[in-house]
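# Secondary and tertiary structure notes
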Amino acid sequence: MFPPVNDLKGRSPRIRAFSHLIDWLIWRLTQEYSTYFELLRRIFELTPLDDTDCRILKVLQKSGRMSNAELSDAVNLSASACHRRVQRLENDGFIRNYVAMVDPRKIGLPTTVFVEITLSTQADEVLDAFEKAVARIPNVLECHLMAGSADYLLKVVASDTDDFAAIHRRYLARLPGVQTMQSSFALRTVFKTTALPV
């Protein structure tokens, strides 16, 4: 239950105004939601992560194979509490998956190419056809719908320029609805991370 804020005699006008605001917010929220349980659930949804959750996410983004015991030590939490929090983060969709980060040079794909694509039209059927087709190209790691001069930006990996030329002929040139395409080769990766700032 919320604490009463009715005893306002002798308080300053600012405190009385703030107390009335709190009363109005409580009244408005209770009108909006039928039960206090639903109200509290919605409130917690507004701030779903606390500092401990953020510490867990920061550590796991750097080392996803860490054991629960190692993780609990790293975030200064008991093993059982740490396990419950990780399960909640997984169930709530904050942690989508655990993957292995493969070194592209070790598997012969050291070349990264960014491809800007402009379509001939913005019709929904053209956009849908393009997005379905580009998702089937194995060398395309990312595809972003853009605001700007280009409609889409692709991140493509290849073994070298000849390999990219083959990818271009076999896949990119056959994408539906493409009007123009411009490719830019990355000379060197200065900085790269998959860790989100939490």
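Reference entry: report on the structure contained in this document. Quick caveat: nothing in here was measured; it's all calculated off a predicted structure.

A count of helical and extended segments in the protein gives seven helices and four strands. Helices (α) and strands (β) of the protein occur, in sequence order from the N terminus, as α-α-α-α-α-β-α-β-β-α-β. Of the contacts made within the protein by residues no fewer than 6 positions apart, 61% connect residues no fewer than 24 positions apart.

On to a nonpolar patch on the surface. Residues F18, L21, W24, L25 and W27 make up a contiguous nonpolar surface patch of about 550 Å² in total accessible area. The residue W24 is located in helix α1 (residues 13-32) in this model.

Strand order across the open sheet formed by four strands is β2-β3-β1-β4, with antiparallel pairing between neighbours. Sheet topology places β2 (140-145) and β4 (178-185) at the edges, where each strand pairs with a single neighbour. Direction aside, the axes of adjacent strands within the sheet are offset by 20 degrees on average. Examined bridge by bridge, strand β1 (residues 111-119) and β4 share seven bridges and lie antiparallel to one another. Each residue of the ladder has a partner; that of V113, found in β4, is F185. In the packing of helix α7 (residues 161-170) onto the sheet, contacts are made with β1, β3 (152-158) and β4, and the angle to β3 comes to roughly 130 degrees.

What follows concerns the packing of aromatic side chains. Under the definition given, this model contains two aromatic pairs. Ring centres 5.3 Å apart and planes at 80 degrees place the aromatic pair F164 and F185 in the edge-to-face group. Residue F164 is located in helix α7, and its partner F185 is located in strand β4; the two are separated by 21 residues in the primary sequence.

Our focus in this paragraph is the pairing of β2. Relative to β3, β2 is paired through five bridges, and the arrangement is antiparallel. Looking at the pairing, E142 lines up with K155 of β3. Counted along the chain from β2 to the antiparallel partner β3, the turn is six residues long, and its residue G148 has a positive phi close to 150 degrees.

Here we take up the nonpolar core. Counting residues in hydrophobic clusters, the biggest one holds 19 residues, and the most contacted among them are V115, I117, L154, V156, L172 and L175. No other element matches helix α6 (residues 124-134), which puts five residues into this core. Apart from the residues within four sequence positions on either side, I117 is in contact with F130, A150, D151, Y152, L154, L175, V178, T180 and M181.

Cut-off values and rules
- Residues numbered from 1 in each chain as written.
- Predicted model: local features only at pLDDT ≥ 70, side-chain atom pairs only at ≥ 80, totals over all residues.
- Heavy atoms only, no water.
- Helix = DSSP H or I, 4+ residues; strand = E, 2+ residues; numbered from the N terminus.
- Contact = heavy atoms within 4.5 Å.
- Patch = residues over 30% accessible without salt bridge, like charges linked within 9 Å, V, L, I, M, F, W, Y side chains within 5 Å.
- Areas by Shrake-Rupley, 256 points an atom, 1.4 Å probe, with all protein chains shown as cover.
- Salt bridge = Lys/Arg side-chain N within 4 Å of Asp/Glu carboxyl O.
- Pairing = 2+ DSSP bridges.
- Axes fitted to C-alpha atoms, helices over the stretch in contact; angles between N-to-C directions.
- Phe/Tyr/Trp six-rings, centres within 6.5 Å; stacked < 30°, edge-to-face > 60°.
- Core = buried A, V, L, I, M, F, W, Y, C linked by side-chain atoms within 4.5 Å.
- Buried < 20%, exposed > 50% of the residue type's maximum accessible area, 1.4 Å probe, protein only.

As far as function goes, none of this settles anything; it's purely spatial.
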